[in-house]
Amino acid sequence: MGRTGVREVVLLTLGWVDLPRSESVDGAPPEERLREPVPGVLLHVDGGWVLLDTGFNTALLRDAALRARFHGDPAVRAVLPGPGEPLEEALAYAGIDLADVHAVGLSHLHLDHAGGLRLLAGRPVHCQRRELEFGLSARAEEHGVLRIDFDDPRHDWRLADGDGEIAPGITAVLTAGHTPGHQSFVVDLDDAVGGGGYVFAFDAADLHAENVEQEIAIGGRVDATPEECVEQVRRLKAIAAERGYPLLPGHDPVVWPVATRELAERFGRSPARPAGPGATWRRGPRR
Ligand SMILES: [Zn+2]
């Protein structure tokens, strides 16, 4: 009996964030800055598409008062791809209707990952229980976790306490540290499309060279030490090595666009558009 798995993977870039490199690399000089892509992942499974992460809540960026409250840190600047709704536009470009997204998986509830959830009310939403508990706590907002992004009572929460399969071929792996209930995802491709797969770290590792190869801790952590965050990366590396899958970090300005193009080629799609500032087709030296 063949394994049932994911039939297609489409990577999305739902915006960018200009920020100090120290957010991604523990101990980096504060003046060094990066423009990182905001990731989303579409996975085709039996019954439709599963979306991993949803980008920014554009209302909180386009309304001046909301922006001042929720994006008030001048050191961290959100960049949208254009005047529209990034998630809708990225899906439209991929030829996928929002109605065809049947379930959502959230790596964590940071404002650059949970902000598009408001467009998907009523779907099953897979998240770690402790992440939602943190998100609804009084100290969440100071950490960039905004309950307005995810407190719609119509959401159909599917809360996990640890690792588990959320759909055929999509396994959540609890990688707490960046946030208290951060999860990464292991994607097993269906034998019908050649098998293999990918490990998506999301914010357990932002950058390939520093966080994955050199095992320098991410800078952004909640209730976790640098060592604990590196341990999560080692766990993901072990899973990837055991299965022979690439481990893709969540916010790498070079790796993400390259992987986007490679996956588009693998599945016979026209390459995703090189939209907006920060997009690059240059192959990184370490891939
Ligand atoms: Zn994050």
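This report concerns the structure included in the present document. (Residues numbered from 1 in each chain as written. Predicted model: local features only at pLDDT ≥ 70, side-chain atom pairs only at ≥ 80, totals over all residues. Heavy atoms only, no water.)

Moving on, we come to the overall build of the chain. Secondary structure summary: the chain contains 7 helices and 12 strands in total. Against the compact-globule benchmark of 19 Å for 287 residues, the chain has a radius of gyration of 17 Å, which places it among compact chains. In terms of overall dimensions, the chain has C-alpha extents of about 55 × 40 × 40 Å along its principal axes. Among the 287 residues that make up the chain, the fraction classed as buried is 57%. Within the chain, counting contacts between residues at least 6 apart in sequence, those at least 24 apart form 69% of the total. (Helix = DSSP H or I, 4+ residues; strand = E, 2+ residues; numbered from the N terminus. Rg over C-alpha atoms; globule rule 2.2 N^0.38 Å. Buried < 20%, exposed > 50% of the residue type's maximum accessible area, 1.4 Å probe, protein only. Contact = heavy atoms within 4.5 Å.)

Turning next to the nonpolar core. Judged by nonpolar contacts, the single largest core of 38 residues is most densely connected at L12, L42, F56, L87 and L109. The set of elements that each furnish at least two residues to this core consists of β1 (8-20), β2 (33-45), β3 (48-52), α1 (59-62), α3 (86-93), β5 (101-105), β6 (124-128) and α4 (129-135). Ranked by the residues each element gives to this core, the list is headed by β1, at 5 residues. What L87 contacts, discounting residues up to four positions off in sequence, is L12, L14, L51, T54, L98, G116, L119 and L120. Ranked by size, the runner-up nonpolar core spans 25 residues in total, among them L11, V41, I166 and L189. (Core = buried A, V, L, I, M, F, W, Y, C linked by side-chain atoms within 4.5 Å.)

Around the zinc ion, the donor atoms from the protein are H108 (NE2), H110 (ND1), H178 (NE2) and D203 (OD), and they sit 2.1 to 2.2 Å away. Coordination geometry of the zinc ion: the 4 donor atoms subtend angles of 87 to 180 degrees at the metal centre, consistent with an arrangement described as irregular. On the primary sequence, the residues serving as donors to the zinc ion are separated as H-x1-H-x67-H-x24-D. For the pair H108 and H110, one class covers both residues: buried. (Donors = N, O, S within 2.8 Å, 3.2 Å for Na, K, Ca; no water. Tetrahedral: all angles 85-135°; square planar, octahedral: opposite > 155°, others 65-115°.)

Here is the key point about a regular strand: its side chains alternate between the two faces of the sheet. Counting buried residues in β6 gives 5 out of 5 residues, a clear majority hidden from the surface. As defined by bridge partners, β5 adjoins β6 across 2 bridges and the pair is classed as parallel. Bridged to G105 within β6 is H126. Across 5 bridges, the pairing between β6 and strand β7 (residues 156-160) is parallel. When the bridges of β7 are listed, V125 appears paired with W157. Once you follow β6 into α4 and on to β7, the crossover reads as right-handed. (Pairing = 2+ DSSP bridges. Right-handed = clockwise from strand over helix to strand, strands pointing away.)

A few words on the packing of aromatic side chains. Going through the model one piece at a time under the given rule, you end up with 4 aromatic pairs. Here the aromatic rings of Y198 and F200 are separated by 6.2 Å at their centres, their planes lie at 35 degrees, and the arrangement is tilted. The class for F200 is buried, based on a relative accessible area of 1%. Among the aromatic residues, ring-to-ring pairing joins F185, Y198, F200, F202 and W256 into one connected group. (Phe/Tyr/Trp six-rings, centres within 6.5 Å; stacked < 30°, edge-to-face > 60°.)

Here we come to the environment of N211. Along the chain, N211 falls in helix α5 (residues 208-213). By relative accessible area, which is 1% here, N211 ends up buried. In contact with N211, other than residues within four places in its own chain, are S24, A205, D206, I216, A217, I218 and V233. A polar contact of 3.0 Å, which involves the side chain of N211, links it to the backbone oxygen of I216. (Polar contact = N/O pair within 3.5 Å; in protein donor to acceptor, adjacent residues only side chain to side chain.)

This part is about the pattern of salt bridges. One pass over the full model with this rule turns up 20 salt bridges. A salt bridge links R7 to D46, with the shortest nitrogen-to-oxygen separation between them at 3.0 Å. Of this pair, R7 sits in the segment before β1 while D46 is found in the loop between β2 and β3, placing the two residues 39 residues apart along the sequence. For E32, the salt bridge identified is with R21, shortest N-O distance 2.7 Å. Taken together, the residues E32 in the loop between β1 and β2 and R21 in the loop between β1 and β2 connect sequence positions 11 residues apart. Looking at E32, the relative accessible area reads 31%, which means it is partly exposed. Look at the salt bridges and you will find they share partners, linking E215, E231, R234 and K237 into a network. (Salt bridge = Lys/Arg side-chain N within 4 Å of Asp/Glu carboxyl O.)

On to the side chain of D203, then. Relative to the elements of secondary structure, D203 occurs in the loop between β11 (197-202) and α5. At 13 Å, R221 is the nearest oppositely charged side chain to D203, a buried residue that forms no salt bridge. Aside from chain neighbours lying at most four places away, what touches D203 is H108, H110, H113, H178, H182, I218 and H251. (Lys, Arg positive; Asp, Glu negative; His and termini not counted.)

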